[in-house]
Amino acid sequence: MKILLTGALGFIGKRLFSALKEEGHEVLGIDLSIIDYDDYIRADITYFEDVWKCFKENNGFDMVIHLAGEVGRLNGEEYPQRMIYVNEIGTLNLIKMCLEYKSKLVYFSTSEIYGNLFDEKEVKEEDFQILSPARVTNIYAMSKLFGEGIVNHYVKNYGLLAIGIRPFMVYGPGVIASKYKSAIDQFVYNALNEKEFTVHKGSERAWCYIDDFVNGIITIVREHKFKEGVYEAYNVGTQEYISTEELAKLVLKLTGKPEKLMKVVELPDKFISGRKRFSNEKLRNLGWEQKVPLEEGLKKVIEWYRGVIKWR
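A brief report on the enclosed structure follows. (Residues numbered from 1 in each chain as written. Predicted model: local features only at pLDDT ≥ 70, side-chain atom pairs only at ≥ 80, totals over all residues. Heavy atoms only, no water.)

1. Focus on the packing of helix α8 (residues 244-255) against helix α10 (residues 294-308)
Two numbers describe how α8 lies on α10: the axes approach to 10 Å, and their chain directions differ by 55°. One finds that α8 runs oblique with respect to α10. The element α8 and its partner α10 pack so that their crossing is right-handed. Side by side, α8 and α10 meet where Leu247, Leu250, Val251, Leu254 and Thr255 of the first sit next to Leu294, Glu295, Leu298, Lys299, Ile302 and Arg306 of the second. A breakdown of the residues in the contact of α8 with α10 according to their chemical character gives seven nonpolar, one polar and three charged. (Axes fitted to C-alpha atoms, helices over the stretch in contact; angles between N-to-C directions. Helix = DSSP H or I, 4+ residues; strand = E, 2+ residues; numbered from the N terminus. Parallel < 35°, antiparallel > 145°, perpendicular 65-115°, else oblique. Left-handed = near helix turned anticlockwise from the far one by under 90°. Contact = heavy atoms within 4.5 Å. Nonpolar A, V, L, I, M, F, W, Y, C, P; charged D, E, K, R; others polar.)

Here's what the structure looks like:
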């Protein structure tokens, strides 16, 4: 299959690009970096002429996997205009070309779209039908919920063949910690550097190692049956739930650092959900299963950090 992968140089994109090639697909990656790689071109999805040229020069694609976009809760609150513009205009540009060339679209959304529904139940993919902007907790979630709404609209009214991917807590080696990155990256970085870090009391997540996540996407690409007029989505993540306090203690144990480095604080009253319980039954029914337990994945992340940054 001939695939266009947007956001090909990101944390997920790099690994997904390689996995798709290993599956035997012909893959072209696009991103914003000015580099000279095989099977890569620089293109900005918010510039229609870039997207148009990419499709025209390659005579279209069988599938577009749309990873590119602005990501993260804090990022969205600090740069809301950019997040909404990139995530909506970029998606619309790709949809237009997918329709012209009859390309299938795999749209990357986020688990954040479920918003405060997490406070009420274990969420399922079909809960998309009862979601609204009033339920989400941050601008990032709004941009992705609206993006799914746009895709759903074009599926039902214009014949677009598309599915959605809702990632849950993806982690792994290769991410430099900052306030914009995940709790795992911040915990590991600060623990190794013997710096105090903040832990949210009452928070709970199920973390998904990058290899398992990419395998989930490959499974969906291989097994999903697209249906005209029907928009479906997949929750992609594990069921290995752990409180954020226990996660922090595990990181400190694996790094050999004292528990006094973790500072437990109350969960913020905005922009974030406490517990994230969800069903991944739909993905498991395609044959996917978790292969990397959390502790094993954390060891890989810690080993990577030790190798790239000089610690005390």
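That shown, we press on.
2. Remarks on the packing of helix α1 (residues 11-22) against helix α7 (residues 210-223)
Following both chains from N to C, one finds α1 and α7 inclined at 55°, their axes separated by 10 Å at the closest point. Viewed along their axes, α1 and α7 adopt a mutual orientation that is oblique. The two elements α1 and α7 meet at a crossing, and its hand is right-handed. Across the interface between the two elements, Phe11, Ile12, Arg15, Leu16, Ala19 and Leu20 of α1 pack against Ile210, Phe213, Val214, Ile217 and Ile218 of α7.

3. As for unusual backbone geometry
If you check the backbone angles, Asp39 has positive phi at about 60° while not being a glycine. Within the secondary structure, Asp39 is located in the loop between β2 (26-31) and β3 (40-42). A relative accessible area of 36% places Asp39 in the partly exposed class. Here Lys102, not a glycine, exhibits a phi torsion of approximately 55°, which is positive. The residue Lys102 is located in the loop between α4 (80-101) and β5 (104-108) in this model. (Buried < 20%, exposed > 50% of the residue type's maximum accessible area, 1.4 Å probe, protein only.)

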